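# Inside the fold
Now for the letters of each chain:
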Amino acid sequence: MSSAPLFRIFRIRDITLKTRLTVAVAIFFVLSLSLLYALASSVFESALEKLIVARQSSLIANLGNEIDQKVELRKNALIRLASDLGSGDISEQNVQSFIERYHSLDGLFDNLAVFDVRGDIVANMDNPDTKGQLNISSRDYFQRAIKQKKITISNPLKSGLSGRPLVVVCVPVFDPSGHMLLVLVGTIELTQDSFLADLATAKIGEQGYFYVLTTEGVFVTHPDHRQILKNSRESPDKNQIPETAFNALEGSLTTNDNTKDEAILSYRRLKSVGWMVAGVFPTNEAFSIVAKVRREAVLLSLALLLSLLLLVWWFMYWQLAPLQKLRDKVNNADANFLVEQASKEYPRDEIGDLAKAFDDAMIKRRDAEAALSASEKKLRLIADNMSAFIAYVDYREQYTFVNKRIEHLFGLTAQQAIGQTIKQISTPEFYRQTKPYVTQVLNGEWTCFERRIERYGYWEWDRVTYVPDFNKAGQVDGFFVLVEDVTEFKRVQDDLTRSEKRVRTITDNVPAMIAYVDASERYQFCNRNYGQIPGLEPAHLLGKTVREVFGEQSYLELKDNMQRALHGEKISFERYAPERDIKRFLQYEYVPDTNAEGATLGYYSMVIDITARKEAELKLAASEGLLRTIADNIPAFVSLIDSENRYQFVNRPYETWFNLPLSEIRCQPVLSLLSGAMQQEHHVHYKLAMAGEKTEFETEISVAGKTGHYHATYVPQYDDNGKVVGVNSLINDISDAKAVERQLLALARFDTLTGLPNRNQINERMEQASARSQRTGRLMAMMFLDVDKFKSINDSLGHHAGDLVLQEFASRLKHCIRQTDLAGRLAGDEFVIVLEGLNMHNEADMVASKIVQAMTTPFDIEGKPLMVTTSIGVAISSEHNSNAGEMLKKADEALYLAKKAGRNNFKVLQLE
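Numbering of residues begins from 1 in every chain and follows the order in which that chain's sequence is written. Local features are withheld for residues below a pLDDT of 70 in this predicted model, meaning they are given only at 70 or higher, and side-chain atom pairs are given and counted only at 80 or more; totals for whole chains, interfaces and linings count all residues. The side-chain values count all of the structure's non-hydrogen atoms but skip hydrogen atoms and water molecules.

A count of helices and strands for the protein chain gives 28 helices and 33 strands. Relative accessible area decides the class of each residue, using a 1.4 Å probe on protein chains only: under 20% of the type maximum gives buried, over 50% gives exposed, and in between gives partly exposed. Per-residue burial for the protein chain yields a buried fraction of 38% across its 912 residues. The contact rule is simple, with two residues in contact once any of their heavy atoms fall within 4.5 Å. Sequence-distant contacts, at least 24 apart, represent 49% of the contacts inside the protein chain between residues at least 6 apart. Per-residue accessibility takes into account occlusion by the displayed protein chains alone, with areas from the Shrake-Rupley method and a 1.4 Å probe. Of the accessible surface of the protein chain, which amounts to about 53400 Å², a share of 55% is contributed by carbon and sulfur atoms. Helix numbers and strand numbers start at the N terminus; a helix is a DSSP run of H or I with at least 4 residues, a strand a run of E with at least 2.

As used in this record, nonpolar core signifies buried Ala, Val, Leu, Ile, Met, Phe, Trp, Tyr and Cys residues forming a set joined through side-chain atoms within 4.5 Å. Counting 45 residues, the largest nonpolar core has Ile-99 and Val-114 as its most contacted members. Counting residues per element, the ones that place at least two in this core are helix H1 (17–86), helix H2 (92–100), strand E1 (111–116), strand E2 (121–124), strand E5 (165–174), strand E6 (180–189), strand E7 (209–213) and strand E11 (276–282). Of the residues forming this core, the biggest block, eleven residues, is contributed by H1. Not counting residues up to four positions away in its chain, the partners in contact with Ile-99 are Leu-112, Val-114, Ala-123, Met-125 and Leu-184. If you look at the next biggest cluster of nonpolar residues, it comprises 34 residues, including Ile-817, Ile-851, Ile-872 and Ile-876.

Moving on, we come to the confidence of the model for the protein chain. Interpreting fine coordinate detail is not advised for predicted regions of low pLDDT. Looking at the protein chain as a whole, the pLDDT averages 82, with 88% of positions reaching at least 70. One confidence number per residue, pLDDT, is output by the predictor and ranges from 0 to 100. When the elements of the protein chain are averaged for pLDDT, helix H8 (residues 335–341) gives the smallest value, 48, and strand E32 (residues 870–876) the largest, 95. Note on residues 1–10: pLDDT under 50 across the span, and three contacts to partners over four residues away in sequence or across chains. Note on residues 335–339: pLDDT under 50 across the span, and six contacts to partners over four residues away in sequence or across chains.

One less than the number of residues in a helix, times 1.5 Å, gives the span that helix is expected to have. Its 21 residues place the ends of helix H16 (residues 546–566) only 14 Å apart at the C-alpha level, less than the 30 Å of an ideal helix rising 1.5 Å per residue. Working definition for bend: take the seven residues up to and ending at a residue and the seven starting at it, fit an axis to each, and measure the angle between the axes. The largest bend in H16 comes to about 105 degrees, at Glu-552. Looking at the buried positions of H16, the neighbouring elements they touch are strand E17 (513–518), strand E18 (523–526), helix H15 (538–541), strand E19 (571–577), strand E20 (584–594) and strand E21 (600–609). Phi for Gly-568, located one or two positions after H16, is positive at around 95 degrees.

On to the pairing of strand E24 (residues 695–703). Burial of the side chains of E24 is restricted to one face: Thr-695, Phe-697, Thr-699, Ile-701 and Val-703 are buried, whereas none of Glu-696, Glu-698, Glu-700 and Ser-702 on the reverse face is. We call two strands paired when DSSP finds no fewer than two bridges between them. Of the strand pairs in this sheet, E24 and strand E25 (residues 706–718) are connected by nine bridges, and their pairing is antiparallel. Each bridged residue has a counterpart across the sheet, and for Ser-702 the counterpart in E25 is Thr-707. Counting the residues between successive antiparallel strands, the hairpin from E24 to E25 contains two residues, one of them, Ala-704, with a positive phi of roughly 55 degrees.

Here we come to the environment of Met-783. Tracing the backbone shows Met-783 in strand E27 (residues 779–787). Along the backbone, Met-783 and Gly-873 are 90 residues apart, and their C-alpha atoms lie at a distance of 5.5 Å. Excluding residues within four positions of it along the chain, Met-783 makes contact with Phe-831, Val-832, Ile-833, Leu-835, Ala-844, Val-847, Ala-848, Ile-851, Ile-872, Gly-873 and Val-874.

Here a cavity means grid points, on a 1 Å grid over the protein atoms only, where a 1.4 Å probe fits yet cannot get out; a pocket means an open set of points with protein on both sides within 12 Å along at least five of seven lines; lining residues are those with an atom within 4 Å of a point. Grid points are joined across faces, edges and corners, and a volume is the space filled by probe spheres set on the points. In this model, the largest pocket occupies a volume close to 1400 Å³. Elements that contribute at least two residues to the lining of the largest pocket include exactly E20, helix H17 (611–621), helix H18 (624–633), strand E22 (636–642), helix H19 (653–658), E25 and helix H23 (735–747). The class makeup of the residues in the lining of the largest pocket is 14 nonpolar, seven polar and eleven charged. In this structure, the second largest pocket occupies an estimated 870 Å³ of space. Along the walls of the second largest pocket sit 22 residues, with Asp-494, Arg-498, Asp-860, Glu-862 and Gly-863 positioned nearest its centre. For the lining of the second largest pocket, the secondary-structure elements that each account for two or more residues are strand E15 (458–470), helix H14 (487–509), strand E30 (859–861) and strand E31 (864–866). Residue contributions to the lining of the second largest pocket peak at eleven residues, all from H14. When its residues are assigned to classes, the lining of the second largest pocket shows six nonpolar, four polar and twelve charged. Side-chain classes are defined by residue name, with Ala, Val, Leu, Ile, Met, Phe, Trp, Tyr, Cys and Pro counting as nonpolar, Asp, Glu, Lys and Arg as charged, and the others, Gly among them, as polar.

The next thing to look at is empty space enclosed by the protein. In the structure shown here, the tally under the stated rule is four cavities of 30 Å³ or more. Considered as a void within the structure, the largest cavity measures approximately 150 Å³ in volume. Taken together, 16 residues make up the lining of the largest cavity; nearest its centre are Tyr-523, Tyr-530, Phe-550, Tyr-588 and Val-607. Contributions of two or more residues to the lining of the largest cavity are made by E17, H16, E20 and E21. Along the lines of polarity and charge, the residues of the lining of the largest cavity split into 14 nonpolar, one polar and one charged. The computed volume of the second largest cavity comes to approximately 70 Å³. Along the walls of the second largest cavity sit 13 residues, with Phe-389, Tyr-399, Arg-451, Tyr-466 and Val-481 positioned nearest its centre.

Another point: the packing of helix H25 (residues 790–797) against helix H26 (residues 799–816). In this analysis, axes come from line fits to C-alpha atoms, helices being fitted only over the stretch in contact, and the angle between any two N-to-C directions falls in the range 0 to 180 degrees. Two elements in contact, H25 and H26, have axes separated by 6 Å at closest approach and are oriented at 140 degrees. Judged on the interaxial angle alone, H26 and H25 are oblique. Only His-799, Ala-801, Gly-802, Val-805 and Leu-806 of H26 make contact with H25, whose side of the interface consists of Phe-790, Ile-793, Asn-794 and Leu-797. The cut-offs work like this: below 35 degrees is roughly parallel, past 145 is roughly antiparallel, 65 to 115 is roughly perpendicular, and the gaps in between are oblique.

Before going further, it helps to examine the sheet that holds strand E23 (residues 647–650). Ordered in space as E23-E22-E26-E25-E24, the five strands form an open sheet in which the pairing is antiparallel. Edge strands, defined here as strands with exactly one partner in the open sheet, are E23 and E24. Along the sheet, successive strands turn relative to each other by an average axial angle of 25 degrees, direction set aside. Two strands pair when backbone bridges link them, and E22 and strand E26 (residues 724–733) are joined in this way by seven bridges, in the antiparallel orientation. Note on E26: the bridge partner recorded for Asp-642 is Gly-726. Of the strands in this sheet, E22, E24, E25 and E26 are in contact with helix H22 (residues 677–690), which crosses E24 at around 150 degrees.

Dropping the structure here:
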């Protein structure tokens, strides 16, 4: 059986040219005739529509006037009745008798009743027994009549007795002095024959109809009785008055509900009640005569068109006969035929020109195909000899071009890969990682990414570039693929990173300020010792010039030496540095950095603090006056206190301490200048020193608004007879030493290998967390975890590798918890995590699952990947028990269960 389709898709170009020209002439004729017919029809319809609209508007106006007269008749009847009622006796019996005398108004009202100003019924024409049983004070129309003191008409409503729609007319009853006595109420059923019943059955033509709406859009009457009292905004008529018409007095328009024929809608506002009366006249009935004329015109046009088509088709056949012969020649021609025809003469008309142009085009095409074939061979040769993988993938993710590099990437030949999709030639994991980037490039975004992949037992790095291929319509037909092997680049990059880390470690621990300044005098590197300079952060130094960092004055002092270094000269010099409150003697070493061509790129700067050496030189060279200068400038308080407890000698730092000049400190009682705890401590140790005993103590002193730790030494001063005549006082600032002491205490609380809190700190913080949990009533969790098969890692890779595993393990733990949570190392490969402030148990499950997942990425141990897993035991506190010791035991039990379940998982237990 043939696989060809039974029917071909119809295409215009499959039709003969003469037929197409004939059809074109026919279409032009039809369009011209249609345009003329449409213009005449439009003028006729417009005139007819104006006539119909004018007639319908007149009808609606007459109908509106008739309804207004009916309403005014009823209003005037009630007003006269209220006037007569107010001028007589208004007792209940008389009012009832008065109302019953007016049964003649039954043709206008369905019922009449009288209510007092409180809303209680006084008289009822049809139901006298309802007196005292009905109150309408809450009704809107009654409240408006009381408030406005004039006649009011209610919105349409449903009768509570008959269930039929009606309106209520209220007229206040006044006594001769104008005081409101009663309210006369008349009810009018909307469907009564004498009011609007005939309107619901009235028609305009055969299909037209009328309806009435209130200003709020409620149907007062409608041919469909189910619509009465419904809101037209919720249940509109198929030819609904638009919202804008409610603000107009009258008008006409053409409506269309998208499911029925159009209709002419005319509307008018009633003067008496403000309602809108509308008339609907379907256009299919109004313009029926136009439809008849159209049918006759169409039949006449079809007959004329058929005659014209036959004439045009014959004329086209006669004119295009030579072109048919040319087509037969083209179909039977070969390459040699075309070459022969190229030297012959052609008829001097359009068909001859077409034949010659076709022969010339065929010759050019043959030459272009040969050139294209040669270009493709050259392109294939270049692509196959490139070290990168080059390919083209269409929008279906199928390879349509690949070079030979695909054999290394996927183990396939180029011929095997062509026509296959990315998913077919790659592993599921590879495709899952690649799919997001493929989707991105097929959405028109240029994409570049790197990936690490194992090939032939080795790990390689690829840099992948996807470039979208847009067609003329701006759509993506496919994308170009470039895959470069950057494994060696990554290795060099890693080596460079490690090398930079080693250099940074060395320079940061050298007791000098080391920096690199480029040719534009900007800092490109500095070690952490620059942080010793007041107000200077090493990280903020990079990219700034020497002038920006140390100011104009210091820059001018250093400029000459910097320029000599930038011209290739090694420089060494000393200077006193007062800038940025350094106030140190510094030795500078500038070493130029030159490239292979001898050009200076910058210089290395090493600055050493030689203040101690300078001070030693000054001490050796100075006399007693110099000793005084030294005493004034050493970072200590030196004084001599006489036997009367007065200062006889003080050095310059005392000015800062007491904020007084030295002249006002000498000979002053010590106790008058000291304050607080220092006063008491001095008194005790001064007595001991005066008794001949050397004494030392530590205290806190506030100097220049800054409180620090100080060490004081009191030494007795003897005269030639060995008698104590005073006390030498030396007070040293030990704030830095105290800070170092605190740092050492902190180091004793952290694990030196991982940087995590050690057992001492863990025990302390677990107890604190337990107390907080017990106090706040919030849940806490404790995790006990270790590295699965850590002993085998140590035995097979060595203890150094094991240390690297523990460091990476600890780093990943810290990234899995909040900053407020605790992660610490107990010993070996055992770790503890404490989670506080939990709302639900599953929060601990989420953290444990996150830790297990974080360990699934291979550890990079000395350049080799290593799979490491962990087992976790989780203990959750109960409402009444969060004891740290019990929770640690419970977490240990859960860890045993996790190990027993096969490792690389977690188990959870809760305290009772």
